[in-house]
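What the coordinates show
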Amino acid sequence: MELKDYKSRRKFAETPEPGPEVRHTDTPPVFVVQKHAARALHYDLRLEMGGVLKSWAVPKGPSLNPSVKRLAVMVEDHPLDYKDFEGVIPKGNYGAGSVMIWDRGFYHHPSVSAGKEGERLLLDGLKKGELKFVLEGEKLRGEFVLVKTGMGTNSWLLMKKRDRFATAEEILERNRSAASRKSLEEITEAGSDKASPEEMARIRLREALEEDALKEAPAKPMPHGVRPMLATLIRGPFDDPDWIFEVKWDGFRAVAEIRSGVVSLYSRNGIFFLRRFAPIADALRRVGFDAVLDGVIVVMDEKG
């Protein structure tokens, strides 16, 4: 197997990605799933076969739910050393953006745990368009199948088979690197090619929508002129499992809006606080992301 497509698309003097080397090993075959914030955030599934990593882009990411079918678009083979790549591909390069090692481990054919026979069966399944395999990763475990569709030469479906690892749990919520334990946001911030506030906002939005409680939430522009909820007096205290409670501080109720480092700070009645509480405004400018924050401004004494 060769890596002509991989080599032709990259400028190795500019990108930290590994070079196009075909390399065979005697160890059990590896797999890696990389989370990639390119023009669109997606996941890349890579399986070691024939000295390279056979690769599929999975736009919505893998699932452990057997009832879920994920589109998987086959892309160019990657070198085996790509399994260890985590970092930022600079702007102007193919696939520019941040790459996280979301999951990694070993894999094998369901009927053979390792060896030449296992690789033969995997390559045979790939050729026939029905590739069955068992993952032994930190997040993904059990049997999966990639099935080629009639939608195009590169179009496949990724599905989880029913076994003891199958679950309806939203596995994408586990969104830290299996290698560095960093979030995609932290990997992006650590890169030498700094992302714009807009790019960082897109990463945060996509990761937030991967949480089960928010995945159906509609994306809306950040609000302005927020009128916060107010406490209501009642006759006595109560306890209820459907309620959460917090201390009511005696201070100035305030709403902060942070947009690209520009801060608005105002009261619940719309009175501006920027000059009155300048140190708080200065601290908010260093937050580093867009947000709307609702809180109370207080001064703490030695007793808290």
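The structure reproduced in this document is the subject of the present report. (Residues numbered from 1 in each chain as written. Predicted model: local features only at pLDDT ≥ 70, side-chain atom pairs only at ≥ 80, totals over all residues. Heavy atoms only, no water.)

1. A look at the layout of surface pockets
For the record, the criterion: A pocket here means an open set of points on a 1 Å grid, computed over the protein atoms alone, that has protein on both sides within 12 Å along at least five of seven lines. A cavity is instead a set of points where a 1.4 Å probe fits but cannot get out; residues with an atom within 4 Å of a point line either one. Grid points are joined across faces, edges and corners, and a volume is the space filled by probe spheres set on the points. Helical segments are the DSSP runs of H or I of at least four residues, strand segments are the runs of E of at least two, and each set is numbered from the N terminus. For this classification, the nonpolar set comprises Ala, Val, Leu, Ile, Met, Phe, Trp, Tyr, Cys and Pro, the charged set comprises Asp, Glu, Lys and Arg, and every other residue, Gly included, is treated as polar.
There is about 1,200 Å³ of room inside the largest pocket. Ranked by residues supplied to the lining of the largest pocket, first place goes to strand 12 (residues 291-297) with three residues. Of the residues contributing to the lining of the largest pocket, the split by class is 15 nonpolar, five polar and six charged. In this structure, the second largest pocket spans a volume of roughly 740 Å³. Taken together, 32 residues line the second largest pocket, and the ones lying closest to its centre are His36, Ala37, Ala38, Arg39 and Ala96. Of the residues in the lining of the second largest pocket, the class split is 14 nonpolar, seven polar and eleven charged.

2. Regarding a nonpolar patch on the surface
Condition: Patch membership is restricted to residues that have no salt bridge and whose relative accessible area is over 30%. Joining uses 9 Å for like charges and 5 Å for the nonpolar side chains Val, Leu, Ile, Met, Phe, Trp and Tyr. Under the convention used here, a 1.4 Å probe and the Shrake-Rupley method define accessible areas, while residue burial counts only the protein chains that appear. Take a side-chain nitrogen of Lys or Arg and a carboxyl oxygen of Asp or Glu: if they are within 4 Å of each other, that pair is a salt bridge.
A cluster of nonpolar residues, Val247, Trp249, Val296, Val298 and Met300, forms a patch on the protein surface that exposes about 430 Å² of accessible area. Mapped onto the secondary structure, Val298 falls in the segment after strand 12.

3. A short note on unusual backbone geometry
Rule in force here: Burial classes: relative accessible area under 20% of the type maximum marks a residue as buried, over 50% as exposed, and values in between as partly exposed (1.4 Å probe, protein chains only).
Positive phi is not limited to glycine here, since Arg181 has a value of about 65°. Take Arg181: it is sitting in the loop between strand 9 (155-160) and helix 3 (184-190). At Ser260, a position not held by glycine, the phi torsion is positive, near 50°. As for its position among the elements, Ser260 is in the loop between strand 10 (252-259) and strand 11 (262-267). Take Ser260: its relative accessible area is 48%, and that puts it in the partly exposed class.

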